[in-house]
Every structure is written in structure tokens, then in C-alpha cells.
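# Chain and residue survey
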Amino acid sequence: MSTAVAVRRMARHVGFWEAVFAVIVLLFAGVTVLRFTQGLGAVTNLSDKFPWGLWIGFDVLCGVGLAAGAFTLTAIVHIFNLHRFEPIVRPTVLTGFLGYLMVIIGLLFDLGQPWRIWHALVFWNPHSVMFEVAWCVMLYTAILALEFSPVVFEGLRLERPRRIMRSVATPLVIIGVILSTLHQSSLGSLYLIVPSKLHPLWYTPLLPYLFLISAIGAGIGMTILESYLSERAFGRRLEMDLLEPLARGMVVALGVYGLVRVIVIWKNGAVAMLLHPGYEARMFLLEMLVGVVLPVGLLLIERVRTNPTGLVVAAVFAVLGFVMNRLNVSVTGMEGAAGVQYVPSWMEVTVSLGLVALGFALFAVAVRYLPIFPEPGHGE
Amino acid sequence: MSVGLLFDSTRCIGCGACSAACKEANGLPLPIEEHTTAYTWTVVENVGGVNVRRLCFHCDQPTCVSVCPVAALQKTPEGPVVYAADRCIGCRYCIMACPFGVPKYQWDRPIPVVGKCILCAGRVAQGLPTACAAVCPTGATLFGDRDTLLHQARARLAAGPDTYVDHVYGVTEAGGTALLVLSGVPFEKLGMKTDVPRQPLPLLTWQVLSKIPSFVGVWATFLFGVHWITKRREEVSAYEAQREHER
Amino acid sequence: MDTSISRARCLFIATVLATPLAGSAGGAGEGPPELRLPPDVTYQGVETSPGPVRFSHTTHVPLAGTRCVACHPGLFAILQPTRHITHEEMNAGKKCGACHDGIQASTVQDACDHCHRMGGGS
């Protein structure tokens with residue numbers, strides 16, 4: 001049975017996840033009203049001492065990083081010309097596009113005056129990392145839309161536009177990879193400006209490189225996870241022959257990342273803190289265990305790597321570890337100098353959860369109406 | 001000639017005239033709060049028996065100016081670091097980045113802006129002193145040419161080695177600031193940050209951003225090159241596969 | 001905009017703050033910082049005024065515990081001199097009337113010669 005038929009069949013039964021989604025949407029709507037009528041203070045636990053919280057640490061930093069599978073996969077297929085990975089490009093680009101859309105919506109919640117988000121287009125400050133991130137994210141979201149457009153044209157049976165967009169795939173992907181490299185690393189560069197505030201277990205001049213490498217690793221992890229969730233939801237087969245080599249790529253990325261992190265804290269002396277673990281040191285060790293040691297260790301074992309369950313478990317660890325790293329940089333590592341402990345309010349969590357839920361829902365809608373997955377018996 | 005302020009905490013009696021004048025000069029709403037907020041741009045706090053003012057340092061190379069994505073914060077030639085509320089999008093990077101923790105936000109407003117001391121840029125442009133300096137009854141806050149004030153500060157240190165800690169705060173911190181502070185007790189006892197880097201912070205990100213144009217050129221060339229090389233390989237193997245198929 | 005200070009609290013604060021003021025506020029060898037207060041003000045008033053009124057910071061500042069914020073800028077501007085004070089304002093609890101209400105300090109309602117220097121034309 002084709003994927004689209006399977007989705008249509010599911011949609012007739014309102015089950016547990018649908019109910020959860022409805023509750024989240026209702027709460028989300030309420031929080032949205034509060035946020036824009038009462039201001040940020042009424043809805044968040046942010047303060048002058050802690051101006052960036054969950055919406056930056058998770059929605060933006062994790063959202064952008066977890067959507068990194070799109071540039072990694074498109075590079076593999078269109079730049080390295082490994083066309084056998086083509087079947088998983090469409091769902092990965094869709095994940096990326098939806099991911100960036102959710103990041104932008106999340107920003108509309110976090111910015112104090114989000115209706116002014118266009119200001120970065122006309123008021124320039126090339127010295128600001130955030131200016132560069134804003135431009136790269138805007139341009140890259142447009143690129144993702146263009147990369148995804150052949151799918152839409154195919155669904156609408158507009159053959160000519162589809163072929164035109166396909167013919168410019170390579171330059172689009174090259175531009176997309178450049179933009180991605182720039183802004184994935186720049187999210188790390190945002191934190192270069194606070195050497196006296198960010199804890200030495202995370203602060204390093206190498207932050208941009210670390211953010212880029214970990215984004216590549218996490219992007220692949222998300223690609224594996226998305227395949228698994230699509231298998232559960234739409235009856236897709238897990239493409240082990242494609243995911244296994246990708247998982248090897250993730251091992252290399254995480255391995256290099258882990259090694260550089262260790263070298264950094266060795267050289268800046270922060271490694272001494274691990275001997276008498278305080279709060280930050282414990283969070284660091286947990287992050288490295290979950291995000292590097294476990295996935296790398298598991299995937300080095302061939303039996304684990306070639307087994308779908310093993311692959312997915314390792315991917316879950318990698319993604320979890322990535323989220324922990326971004327939250328450690330933006331929250332844990334900044335709390336000490338701020339002198340306050342930050343815990344997101346339930347309303348902040350509602351917005352973040354709501355955006356994740358919205359992303360899932362839009363993904364399901366796209367699968368239902370567009371040729372995201374290659375149908376059995378049809379060519380690409 | 002750029003202006004500055006010299007705050008000598010040994011001469012401060014904690015009367016709060018500076019806070020009052022600041023509120024009036026900037027049209028800020030009362031009350032005067034305990035600590036600086038988006039509505040109270042300067043306060044005098046009593047820390048362990050010593051009076052110390054809190055206000056913007058107006059750095060020579062301000063971190064806030066460098067991080068603002070829309071250039072809402074700017075350093076004027078006279079010295080004050082001013083804020084254009086009509087540009088601000090509320091990203092709060094300035095609040096996150098300032099090593100002195102100066103800018104504050106209007107968390108209670110649906111249409112919020114940042115608030116911080118602007119060194120009375122309007123008054124300064126007209127040749128007037130800042131409001132706080134104009135009303136200070138003891139001369140603890142002095143306004144004038146920054147270099148002259150620095151000279152004066154150093155003279156006080158030389159003349160009163162038992163009165164002062166031997167350091168003018170604001171000369172090396174963050175690469176130098178327009179506000180200079182003298183103290184009779186160690187500065188960390190006043191709650192002032194002593195871990196601020198000597199190097200201006202904007203350099204830390206400019207080191208990375210300035211390399212972007214050349215990086216883009218190199219990376220684009222590399223990516224296109226890889227595509228071109230590997231494409232050839234795929235074309236060859238496709239051609240061979242077709243020939244195999246034809247046989 | 002509540003800046004009323006009870007007389008007792010006033011004197012208490014003045015005593016507490018006067019001690020460090022008289023002591024080492026200026027640091028060893030320097031003496032207490034010289035307090036440069038604004039000069040005394042004389043309000044001539046309008047034709048109906050029984051006489052000019054003189055205001056002195058010297059008498060009022062210790063009563064406010066050397067906290068300028070007790071009166072500024074809530075009751076009086078600090079950057080501009082106050083030019084007019086009317087009894088309408090004072091009766092409404094504004095300007096001098098915030099403290100001179102007969103409870104915290106002498107009232108402005110009767111005994112005109114308390115404030116106005118009487119005698120002579122206007």
C-alpha cells in the first residue's frame with residue numbers, strides 16, 4: 001500500500017497522539033495570546049540577568065542544528081554525486097524546511113518586537129554575528145523552499161517548473177551548503193562574545209567549528225530518526241542500506257567532535273574541574289556520555305550498526321546529546337556568571353512543544369498530499 | 001575630544017541626586033528602583049557601607065554596539081553609547097553580551113524596548129554636562145573630557161595612596177571605557193566585575209566574521225570542484241553500465 | 001509617588017547617615033566630602049501673596065536624611081529651578097504640601113508668617 005493511502009486511512013481514527021496534539025494546540029493558542037498582550041515577563045522566566053532561555057537554547061539552537069541533515073544529505077547526493085542516497089533526500093529536505101520554519105516561528109515568540117524582524121534587511125551591522133545568522137537563515141530557508149519545490153511541482157503535476165528547478169539543483173545545493181556552514185558555525189560564534197560569562201567547560205575560540213561538526217552529526221541522527229518515525233507512522237521500510245553508511249559518517253563526525261572537546265578542556269585547564277565534579281562538570285560529563293561515548297561506542301559494533309533498532313537507539317542518544325550540548329551552552333554554562341538559576345516556565349515549554357508538534361503535523365500533511373517518499377513500483 | 005565621567009566612590013554620600021536628575025532628564029517614570037532597570041538608568045547602591053553608582057560604562061569599543069544585528073546601539077563621536085528604540089527588534093543580544101551587565105529590558109510591556117544610561121547625549125551635544133554630574137552635591141560624579149578626567153583620577157591616586165585602591169577602573173577593562181571609577185575598597189567588594197577582559201570584546205567575533213568573504217570563495221570553489229570531479233566518475237560508470245547493458 | 005517621610009523616621013535617618021558623613025566618608029586625611037547644595041531660593045510670589053517665601057536646602061536636606069530623592073524629581077524638578085508654588089498645589093499634597101500638611105511638618109494653611117516674610121507692599 002502506498003504511503004499516501006496509509007496516511008489517509010490513519011486520519012479517520014482519532015487516537016492518542018491526535019488528542020495530545022489537540023491539547024498542545026489549545027494551550028499553545030492561549031500562551032500565544034498571553035505572550036503578545038502581556039509581554040515576555042508574563043509568560044517566560046527570563047530576566048535581565050538571564051535574557052535568553054528555552055526559546056533560544058532549544059527552538060533556535062537545536063532547531064537549526066537538527067535540521068542540518070538537509071544540507072548534509074543534499075551535499076552527499078548533489079556535490080559528492082552519491083546518487084544512491086537520493087531516496088532519502090526528499091524527506092530530509094522536508095524535515096529541514098519545516099525545521100527552519102519552526103525556528104522562525106519560535107523567533108517570532110522570543111523577539112521583543114517580532115513585527116520588526118525585517119529590520120535586519122534594511123539596518124545592517126556586519127560586525128554582529130546575529131546579523132549574519134539572520135541573513136543566512138533567511139536566505140537558506142528560501143533555498144530549502146526552492147530545493148523542495150520540485151516535489152510540490154510534481155505533486156501539482158507541473159512538469160516544466162519541476163524540471164527547471166531540478167536543473168538548478170546543484171548550484172542551489174552549493175549555495176545551501178555554504179549558507180549552512182556559515183550559520184551553523186555562527187550559532188556557536190554568538191557565544192564567542194561572552195568569555196567572562198560562559199563556563200570554561202564550554203567556552204572556546206573553537207565554538208564555531210564545534211557547533212558545525214556537532215550539527216552535521218546531529219543532522220544525520222535526525223535523518224535516521226525521521227526514517228524510523230516515518231516507518232512507524234506511514235509504514236515505510238527503514239532504508240538500512242542507506243542509513244548504515246550515514247551512521248558511519250555520524251560516528252566520524254561525533255568522534256572528531258568529542259576529541260576536539262577533550263583537547264579544548266585539556267588545553268584551557270577546565271579538565272581539572274572534572275576531578276571534583278560540581279554542577280557544570282556533571283552536566284558536561286552527562287552530555288559527552290550521551291552525545292558522544294554512547295552513540296560512537298554503539299555504532300562501532302557492526303552488529304549494532306546493521307541492526308535497525310541499534311541504529312535508531314544510537315541516533316536517539318546522538319540527538320539527545322546534541323540537545324543537551326546546546327542547552328548546556330545557552331543555559332547551564334551561563335547560569336554561574338548570571339548568578340541565577342533558569343528554569344523555563346510551563347508556558348515556554350508549551351510553545352516549544354507546540355512548535356515540535358506543528359512540525360510533525362505539517363510533515364504528515366505533506367506526506368499525505370505530496371510525493372515525499374518514492375512509491376513502490378515507481379521510479380524516482 | 002571625547003567626554004567621560006569620573007565617579008569617585010569615596011566622595012559619594014548616597015544622596016541619589018544622580019538618580020533623580022537622570023529620571024528627569026530622560027523623562028523616565030518614577031519610582032527610582034533599588035537596582036538599574038529599563039526604567040531606572042542609574043542608581044546608587046550601598047554595598048558593605050560604601051556607596052557605588054551603577055550606570056553604563058560607555059566603552060570605547062562597545063560590545064553592545066558590535067552585537068546588535070540592526071545597529072540600534074551606536075557609539076557617538078563625543079563618547080556616549082546611544083540607543084535607537086525605533087530600530088530595536090528585541091533580540092536582547094546586547095543584554096546577553098555586555099560584560100558589565102548594563103542594558104535592561106521592559107519585560108512587562110507588550111511593546112518593549114531596552115533601557116540604559118545614554119550619557120545624556122542630547123545635553124552633551126549642546127555642551128551641557130550630564131544630568132547626574134550637574135546635580136552631584138559632592139562632586140563624586142564629574143563630567144568632562146575623558147583624558148582630563150583620567151589625569152585627574154591618577155592625580156588623586158598619587159596624592160592619596162591610603163585613600164584609594166591603586167587602580168582606575170575603566171582604563172583597561174573591555175579595552176577602556178568613558179566612565180572611570182575610583183574606590184577606597186577592592187572593586188569586587190563594590191560588586192563591580194573584575195573578570196572583564198582587557199581586550200575589547202568585539203574583536204573576538206570580528207576575528208571570525210572578517211574571514212567570511214574569503215571563506216565563501218574558497219568553500220564554493222572546493223564544493224564545485226568536488227561536484228565536477230565526482231560527476232565525471234558517475235558519468236564514466238553510467239556509460240560503462242550502459243555499454244554493459246547493450247552487450 | 002509617595003515620598004512622605006515621618007518626622008521621627010526623618011530624624012532617625014538623619015542621625016544614622018550623619019554619622020558616616022561626619023566620619024570617614026571622605027577617606028583618611030580628606031575629611032567628609034564638601035556638600036555643594038543649591039543656593040537658597042526666594043519666591044516673590046504674585047500680587048495676592050502676603051510676602052516672599054525663602055526656601056533653604058540647608059535646613060531641609062538633613063530632614064530628608066540627605067536623600068535628594070525624597071523630593072526630587074517627584075515633587076520638584078532637580079535640573080530646573082522651580083519658579084512657582086501655589087497654595088492650590090500645596091493643598092493638593094503637591095510640592096511643599098507633600099510634607100507641610102500639619103502632620104509631618106508645619107501646615108501651610110494658617111499662620112502665613114510661618115513662611116511668608118510679611119510687612120511691606122506685596
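This write-up is about the structure you can find in this document. (Residues numbered from 1 in each chain as written. Chains lettered and ligands numbered in written order. Predicted model: local features only at pLDDT ≥ 70, side-chain atom pairs only at ≥ 80, totals over all residues. Heavy atoms only, no water.)

### Description of the overall build of chain C
Selection criterion: Numbering of helices and strands runs from the N terminus, with a helix taken as a DSSP run of H or I at least four residues long and a strand as a DSSP run of E at least two residues long. Contacts are residue-level and defined by heavy atoms, with any inter-residue pair within 4.5 Å sufficient. Values of accessible area rely on a 1.4 Å probe in the Shrake-Rupley scheme; residue burial ignores everything except the protein chains shown.
Along chain C, the regular secondary structure elements total three helices and two strands. If you list the helices and strands of chain C from N to C, you get α-β-β-α-α. For chain C, the share of sequence-separated contacts (at least 6 apart) that also reach a separation of at least 24 residues comes to 45%. Accessible surface computed for chain C: about 7900 Å², of which carbon and sulfur atoms make up 59%.

### Structural notes on the overall build of chain B
The criterion, for reference: Computation of the radius of gyration draws on C-alpha atoms, with the globule rule given as 2.2 Å multiplied by the number of residues to the power 0.38. Any residue under 20% of the maximum accessible area for its type is buried, any over 50% is exposed, and the rest in between are partly exposed; the area is computed with a 1.4 Å probe on protein chains only.
Helix and strand counts for chain B come out as eight helices and nine strands. Computed over the C-alpha atoms, the radius of gyration of chain B is 26 Å, more than 25% above the 18 Å expected from 2.2 N^0.38 for a compact globule of 247 residues. Referenced to the eigenvectors of the C-alpha coordinate spread, the extents of chain B come out at roughly 100 × 45 × 35 Å. By the burial criterion, 56% of the 247 residues in chain B qualify as buried. The contacts in chain B between residues at least 6 apart in sequence include a share of 55% that link residues at least 24 apart. Total accessible area computed for chain B in this model is approximately 10700 Å², and 58% of it derives from carbon and sulfur atoms.

### With respect to the interface of chain B and chain A
Note the cut-off: A pair is scored as a salt bridge if a Lys or Arg side-chain nitrogen falls within 4 Å of a carboxyl oxygen belonging to Asp or Glu. Polar contacts here mean pairs of N or O atoms no more than 3.5 Å apart (in protein, one a potential hydrogen donor and the other a potential acceptor; neighbouring residues in sequence count only if both atoms are side-chain atoms). Residue type decides the class: Asp, Glu, Lys and Arg count as charged, Ala, Val, Leu, Ile, Met, Phe, Trp, Tyr, Cys and Pro as nonpolar, and the leftover types, Gly among them, as polar.
In this complex, chain B contributes 53 residues to the contact, which on the side of chain A involves 55 residues. Linking chain B with chain A are one salt bridge, by the criterion used here. One salt bridge in this structure joins Arg92(B) and Asp110(A), with 3.0 Å as the shortest N-O distance. Linking chain B with chain A are 28 residue pairs in polar contact (both at pLDDT 80 or more), by the criterion used here. When residues of the side of chain B that touches chain A are traced back to their parent elements, those giving at least two are helix H2 (63-67), helix H3 (93-97), strand S6 (104-105), helix H7 (202-209) and helix H8 (212-246) of chain B. When the residues that make up the side of chain B that touches chain A are grouped by side-chain class, the tally is 37 nonpolar, six polar and 10 charged.

### Concerning the packing of helix H4 (residues 54-66) of chain A against helix H11 (residues 207-234) of chain A
Residue and element names in this part refer to chain A. Heads up, the rule is: Only the contacting stretch of a helix is used when fitting its axis, a line to C-alpha atoms as for every element, and angles between N-to-C directions run 0 to 180 degrees. Oblique is the label for every angle not falling under 35 degrees (roughly parallel), over 145 degrees (roughly antiparallel), or within 65 to 115 degrees (roughly perpendicular).
Two elements in contact, H4 and H11, have axes whose closest approach is 7 Å; the angle formed by their N-to-C orientations is 65 degrees. Between H4 and H11, the interaxial angle falls into the category roughly perpendicular. Together, Leu-61, Gly-65 and Leu-66 of H4 and Phe-211, Ala-215, Ala-218, Gly-219 and Met-222 of H11 make up the contact between the two elements. Considering only residue class, the contact of H4 with H11 consists of six nonpolar, two polar and no charged.

### Re the environment of Phe100(B)
All names here are of chain B. Following the sequence through the fold, Phe-100 ends up in the loop between H3 and S6. A relative accessible area of 10% places Phe-100 in the buried class. In the structure, Phe-100 is positioned 38 residues away from Pro-62 in sequence and 11 Å away in space, judged by C-alpha atoms. In this view, Phe-100 contacts Phe-57, Cys-59, Tyr-169, Glu-173, Ala-174, Thr-177, Lys-193 and Val-196; residues no more than four positions away in its chain are not counted.

### Thoughts on the packing of aromatic side chains
The cut-off we apply is this: Here is the rule: rings of Phe, Tyr and Trp (six-membered ring for Trp) pair when centre to centre is within 6.5 Å. Planes less than 30 degrees apart are stacked, more than 60 are edge-to-face, and the remainder are tilted. Charges are assigned to positions over rings by a cutoff of 6 Å between ring centre and Lys NZ or Arg CZ, combined with an angular limit of 35 degrees from the ring normal.
Applying the stated rule across the entire model yields 21 aromatic pairs over all chains. On the basis of an interplanar angle of 10 degrees and a centroid distance of 5.1 Å, the ring pair of Phe50(A) and Tyr342(A) is categorised as stacked. Taken together, the residues Phe50(A) in the loop between helix H3 (40-43) and H4 and Tyr342(A) in the loop between helix H15 (308-338) and helix H16 (346-369) connect sequence positions 292 residues apart. Accessibility classification places Phe50(A) together with Tyr342(A) in one group, the buried group. Both rings, one in Phe215(B) and one in Trp219(B), keep their centres 6.0 Å apart while their planes meet at 25 degrees; by these two values the pair is stacked. Here Phe215(B) and its partner Trp219(B) are both found in helix H8, four residues apart, which amounts to about one turn of the helix. The partly exposed category is assigned to Phe215(B), whose relative accessible area is 30%. A relative accessible area of 24% places Trp219(B) in the partly exposed class. Within the aromatic cluster, the residues linked to one another by ring pairs are Phe28(A), Phe36(A), Trp55(A) and Phe109(A). The ring of Phe36(A) carries Arg35(A) above its face, with NZ or CZ at 4.5 Å from the centroid.

### Some remarks on the state of the cysteines
We count it as follows: Only a pair of cysteine sulfur atoms within 2.5 Å qualifies as a disulfide here.
All chains considered together, the criterion is met by zero disulfides over all chains. No disulfide involves Cys136(A); its nearest neighbouring cysteine sulfur is the one of Cys91(B), lying 16 Å away. Free of any disulfide, Cys68(B) has its nearest cysteine sulfur in Cys91(B), 6.0 Å distant.

### So, H8(B)
Formally: Each residue after the first adds 1.5 Å to the expected span of a helix.
For H8(B), with 35 residues, the first-to-last C-alpha span of 50 Å sits near the 51 Å given by 1.5 Å per residue. Buried within H8(B) are the following residues: Ile212(B), Leu223(B), Val226(B), His227(B) and Thr230(B). Where H8(B) is buried, its residues contact helix H5 (69-79), helix H8 (129-155) and helix H10 (169-189) of chain A together with H7 of chain B.

### Let's talk about the pairing of strand S2 (residues 43-47) of chain B
Residues and elements named next belong to chain B. Heads up, the rule is: Pairing between strands is defined by DSSP: at least two bridges between the two strands are required.
Pairing of S2 with strand S3 (residues 50-54), which is carried by five bridges, proceeds in the antiparallel orientation. Within the sheet, the bridge partner assigned to Val-47 lies in S3 and is Val-50. Between the antiparallel neighbours S2 and S3 lie two residues, among them Gly-48 with a positive phi of about 55 degrees.

### With respect to a nonpolar patch on the surface
The line we're drawing: The patches described consist of residues with a relative accessible area above 30% and no salt bridge, like charges being joined within 9 Å and nonpolar side chains (Val, Leu, Ile, Met, Phe, Trp, Tyr) within 5 Å.
On the surface, Leu108(A), Ile117(A), Trp118(A), Leu121(A), Val122(A) and Met138(A) cluster together into a nonpolar patch covering about 490 Å² of accessible area. Mapped onto the elements, Val122(A) comes out in helix H7 (residues 119-122).

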